[in-house]
Amino acid sequence: MPSYDRGMWVRQAFFRWLLPAAFLLPLWLFVGWGVFQGGWAILWVLFIAVPSVFVGQLLLTVLTRSRPSVRAERAVSWWDVAGFTVWHGLTIAVGLFIDGAFGWLLTAAIIAGIALIWLQLWQLWNEARGSGARLRETISWSTIPRVDEPTPTARPREVIVVRETEQRDA
């Protein structure tokens, strides 16, 4: 029996957080504007920041949850935990609208978001490598032969024909 990963609850929590984050992070940018900024920055928040974070998070959620290992374990990888922590932390920091640091935080959040998309694609590609039918074994038995396993040879089957009536010569 495999040992239980002590940090599994963290990975499962991130798995459950991905979809709500698509709604809560853009909401935070709007609330952060109201609390910390005010003024005409609302146009930037409403038309650029909120849709970008919403669509970006939905895309990342779909890419993450499309991996067979994530679906089987209902938990993200440690790479995902690190990447989402950085991106979400920077997105929250952008919502604070800190004078002098806003541009740097926004740039870092954009770079982190793009890097996270590449991380998800890399992980998806690594799990999909191999044969076309076999993505990743997540169970202990399989009916799909491994790549290095020889394919079973087909042997001729015996056929028995039973006639119910005799044929008569006419």
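The structure we're discussing is the one just above.
Thresholds, definitions, all that
Residues numbered from 1 in each chain as written. Predicted model: local features only at pLDDT ≥ 70, side-chain atom pairs only at ≥ 80, totals over all residues. Heavy atoms only, no water. Helix = DSSP H or I, 4+ residues; strand = E, 2+ residues; numbered from the N terminus. Buried < 20%, exposed > 50% of the residue type's maximum accessible area, 1.4 Å probe, protein only. Contact = heavy atoms within 4.5 Å. Salt bridge = Lys/Arg side-chain N within 4 Å of Asp/Glu carboxyl O. Expected span 1.5 Å × (residues − 1). Axes fitted to C-alpha atoms, helices over the stretch in contact; angles between N-to-C directions. Parallel < 35°, antiparallel > 145°, perpendicular 65-115°, else oblique. Left-handed = near helix turned anticlockwise from the far one by under 90°. Nonpolar A, V, L, I, M, F, W, Y, C, P; charged D, E, K, R; others polar. Core = buried A, V, L, I, M, F, W, Y, C linked by side-chain atoms within 4.5 Å.

J.: Explain the overall build of the protein here, please?
T.: Helix and strand content of the protein: five helices and zero strands. In the protein, the succession of α and β elements from N to C terminus is α-α-α-α-α. Burial analysis of the protein (170 residues in total) assigns 30% to the buried set. Partitioning the contacts of the protein with sequence separation of at least 6, the portion at a separation of at least 24 is 70%.

J.: I tried to follow the pattern of salt bridges on my own but got confused; where do I start?
T.: A pair can form between side chains of opposite charge whenever their charged atoms are brought close. In total, this model carries three salt bridges according to the counting rule given. Of the charged contacts in the structure, one is a salt bridge between Glu73 and Arg11, with a shortest N-O distance of 2.7 Å. Placement of the pair is Glu73 in helix α3 (residues 68-73) and Arg11 in helix α1 (residues 8-37), with a sequence separation of 62 residues. Judged by relative accessible area, Arg11 falls into the buried class, the value being 9%. A salt bridge links Arg67 to Glu127; the shortest N-O distance between them is 3.4 Å. Taken together, the residues Arg67 in the loop between α2 (41-65) and α3 and Glu127 in helix α5 (residues 102-128) connect sequence positions 60 residues apart.

J.: Would you mind going over α5 with me for this structure?
T.: Each full turn of the α-helix corresponds to 3.6 residues, which orients residues three or four apart in the same direction. For α5, built from 27 residues, the straight-helix expectation of 39 Å at 1.5 Å per residue is met to within 8% by its first-to-last C-alpha distance of 39 Å. Listing the buried residues of α5 in full gives Leu105, Ala109, Ala112, Gly113, Leu116, Leu119, Gln120, Gln123 and Glu127. Taken together, the buried residues of α5 touch α2, α3 and α4 (78-94).

J.: It is not clear to me how unusual backbone geometry should be interpreted in this structure. Could you clarify?
T.: In most cases, non-glycine residues show a negative phi, while peptide bonds are predominantly trans. Phi angles above zero are rare outside glycine, and Arg74 is one such case at about 55°. Within the secondary structure layout, Arg74 lies in the loop between α3 and α4. For Arg74, a relative accessible area of 52% translates into the label exposed. For Phe97, which is not glycine, the phi dihedral falls at a positive 50°. Given a relative accessible area of 8%, Phe97 falls into the buried group.

J.: Any chance you could explain the packing of α4 against α5 here in plain terms?
T.: In a packed pair of helices, the relevant descriptors are the angle between the two axes and the axis-to-axis distance. α5 packs onto α4 with a crossing angle of 155° between their chain directions and a minimal axis gap of 9 Å. Here α5 runs roughly antiparallel to α4, going by the angle between their axes. The way α4 lies across α5 gives a crossing that is left-handed. Contacts between α4 and α5 involve Trp79, Asp80, Gly83, Phe84, Val86, Trp87, Leu90, Thr91, Ala93 and Val94 from the first element and Phe102, Leu105, Leu106, Ala108, Ala109, Ala112, Gly113, Leu116, Leu119, Gln120 and Gln123 from the second. Each residue belonging to the contact of α4 with α5 can be placed in one class, and the counts come to 15 nonpolar, five polar and one charged.

J.: I tried to follow the nonpolar core on my own but got confused; where do I start?
T.: Formed by 22 residues in total, the largest nonpolar core has its most connected members in Val76, Phe84 and Leu116. When contributions to this core are tallied by element, the ones reaching two or more residues are α1, α2, α4 and α5.

J.: Would you take a moment to explain the environment of Thr91 for this structure?
T.: Position of Thr91 among the secondary structure elements: in helix α4. Placed 19 residues apart in sequence, Thr91 and Ile110 show a C-alpha to C-alpha distance of 8.8 Å.

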